[in-house]
Amino acid sequence: MDPVVLSSTLRRHLAGPGPIVALTGAGVSAESGLPTFRGPGGLWEGHDPVQLATPEAFARDPLLVWRFYAWRRASAAAAAPNAGHRALAALTGARPETRIVTQNVDGLHERAGTPSVLRLHGSLWRLRCVAEGDEREDLRDDLAPLPPRCRCGALLRPAVVWFGEALDPGVLAAAHAAVRQAAVLLVAGTSSLVWPAAALPEVAREAGAFVVEVNPEPTALSDDADEVLRLPAGRALPVLAAAAGAAIEIPA
Ligand code: OAD
């Protein structure tokens, strides 16, 4: 495999001062064996999001929705963080002002060792009572019997953001603040089609960040990025993190 070569401009930005922020999407977990959403083999090709990832779907058929999320929890639990997740964790260790903003709900950044992740779309590992609104972590392998219920008797739902729902305003505000302060924004593994996450690279650019896309395929962001690496995240992120000062082994 050819080594990943970074331009001198990109190296200069990565070696320079200021926070590096990563905005990640499903593609970052693809090399861990988890499917992305769009495109061939994507989750939304085999499943209709309106039937599975909306508040209306949950009100209509909580068991169906929970079967989908129980399967996703099992898949995520069986997956391991890959070189891309580990590279971002190492970068956070080397440069503590690094922030990771993710659209992923699988928990793999955290399992790779990144302590504090801004999770725009929530987490598969948190449940929320539909009556009381409180959230709790729940790492159980098996939530049977489905659908799970709160102690109060009401249904529990996955604490993820569904279509038609607003993001947590505190998390979104923190993500905006992080990208506004970024010297470099690494946008990895996202089609940049889902809002408001898709607005963050432009917010970063307007505030002066150097925006780098990591994605094997062209996306809605590609034309506006300062640099594009057409590579899988597991190959590109270790090289980028090492150039930013992380002590990292580059996979052959
Ligand atoms: P998508 O499925 O829309 O896009 C995944 C992107 O990852 C594509 O652009 C792929 O080319 C790219 N990709 C695939 N393999 C890759 C690899 N090894 N390395 C890097 N990139 C790779 O996923 P997202 O953009 O994350 O929202 O989707 C955004 C949101 O839409 C999700 O959070 C989810 C979904 O509906 C909710 O559920 C609210």
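Residues numbered from 1 in each chain as written. Predicted model: local features only at pLDDT ≥ 70, side-chain atom pairs only at ≥ 80, totals over all residues. Heavy atoms only, no water.

What about the overall build of the protein?
Looking only at helices and strands, the protein has ten helices and nine strands in total. Computed over its C-alpha atoms, the radius of gyration of the protein comes to 18 Å, within 12% of the 18 Å expected for a compact globule of 252 residues. Here the C-alpha coordinates of the protein stretch approximately 60 × 35 × 30 Å along the principal axes. For the protein, buried positions account for 50% of its 252 residues. Taking as baseline every contact in the protein between residues at least 6 positions apart, the subset at least 24 positions apart corresponds to 65%. (Helix = DSSP H or I, 4+ residues; strand = E, 2+ residues; numbered from the N terminus. Rg over C-alpha atoms; globule rule 2.2 N^0.38 Å. Buried < 20%, exposed > 50% of the residue type's maximum accessible area, 1.4 Å probe, protein only. Contact = heavy atoms within 4.5 Å.)

Here we look at the pairing of strand E6 (residues 156–160)
Among the five residues in E6, five count as buried, and that is most of the element. Alignment of strand E4 (residues 122–129) against E6, held across four bridges, turns out to be antiparallel. Opposite Arg128, over in E6, you have Arg157 as the bridge partner. (Pairing = 2+ DSSP bridges.)

So, the nonpolar core
Grouped together as the largest cluster of nonpolar side chains are 29 residues, with contacts concentrated most on Leu6, Leu14, Leu186, Leu237 and Leu240. Of all elements in the fold, only helix H1 (8–15), strand E1 (20–24), helix H6 (83–94), strand E7 (184–188), strand E8 (210–214) and helix H10 (233–243) reach the threshold of two or more residues within this core. Looking at which element gives the most residues to this core, the answer is H10, with seven residues. Not counting the four nearest positions on each side in its chain, Leu14 is found in contact with Leu6, Ile20, Arg95, Val184, Leu186, Leu240, Ala243 and Ala244. Listed in part, the 26 residues of the second largest apolar core include Ala76, Leu124, Trp125 and Leu155. (Core = buried A, V, L, I, M, F, W, Y, C linked by side-chain atoms within 4.5 Å.)

Side note on the domain arrangement of the protein
Domain assignment breaks the protein into domain 1 (8–34 + 81–121 + 166–243) and domain 2 (49–78 + 128–160). At the junction of the two partners, domain 1 supplies six residues and domain 2 supplies six residues. Taken together, the two surfaces of domain 1 and domain 2 that pack against each other cover about 380 Å², and 59% of this comes from carbon and sulfur. A per-residue breakdown of the area domain 1 buries against domain 2 is headed by Leu34, Val105 and Arg111, which together make up 69% of the total. Counting every contact that joins domain 1 to domain 2 gives zero salt bridges. On inspection of domain 1 and its partner domain 2, the count reaches one residue pair in polar contact (both at pLDDT 80 or more). (Domains from an automatic or database assignment. Buried area = accessible area lost by both parts, 1.4 Å probe. Salt bridge = Lys/Arg side-chain N within 4 Å of Asp/Glu carboxyl O. Polar contact = N/O pair within 3.5 Å; in protein donor to acceptor, adjacent residues only side chain to side chain.)

Regarding the pairing of E4
The buried fraction of E4 amounts to six of the eight residues, a majority that puts the element mostly inside the structure. Pairing of E4 with strand E5 (residues 135–137), which is carried by three bridges, proceeds in the antiparallel orientation. Looking at the pairing, Leu127 lines up with Arg136 of E5. Counting the residues between successive antiparallel strands, the hairpin from E4 to E5 contains five residues, one of them, Gly133, with a positive phi of roughly 80°.

A look at the sheet that holds strand E9 (residues 227–229)
Reading across the sheet, the six strands line up as E3-E2-E1-E7-E8-E9 and stay open at both edges, with parallel pairing between neighbours. Bordering the open sheet on either side are strand E3 (117–119) and E9, each of which pairs with just one other strand. On average, each strand axis in the sheet is inclined to that of its neighbour by 20°, with strand direction left out of account. Here E1 pairs with strand E2 (residues 99–102) via four bridges, running parallel. Bridging from a neighbouring strand, Leu23 pairs with Val101 of E2. Its contacts with the sheet place H6 against E1, E2 and E7, and it is angled at close to 155° to E1. On top of the sheet, helix H8 (residues 169–181) reaches E1, E2, E3 and E7; it is set at about 130° to E3, its chief contact. (Axes fitted to C-alpha atoms, helices over the stretch in contact; angles between N-to-C directions.)

Quick word on the state of the cysteines
The final tally for this structure, using the stated rule, is zero disulfides. Free cysteine Cys129: the closest other cysteine sulfur is in Cys152, separated by 3.7 Å. Its sulfur unpaired, Cys152 is 3.7 Å from the next cysteine sulfur, which belongs to Cys150. (Disulfide = S-S within 2.5 Å.)

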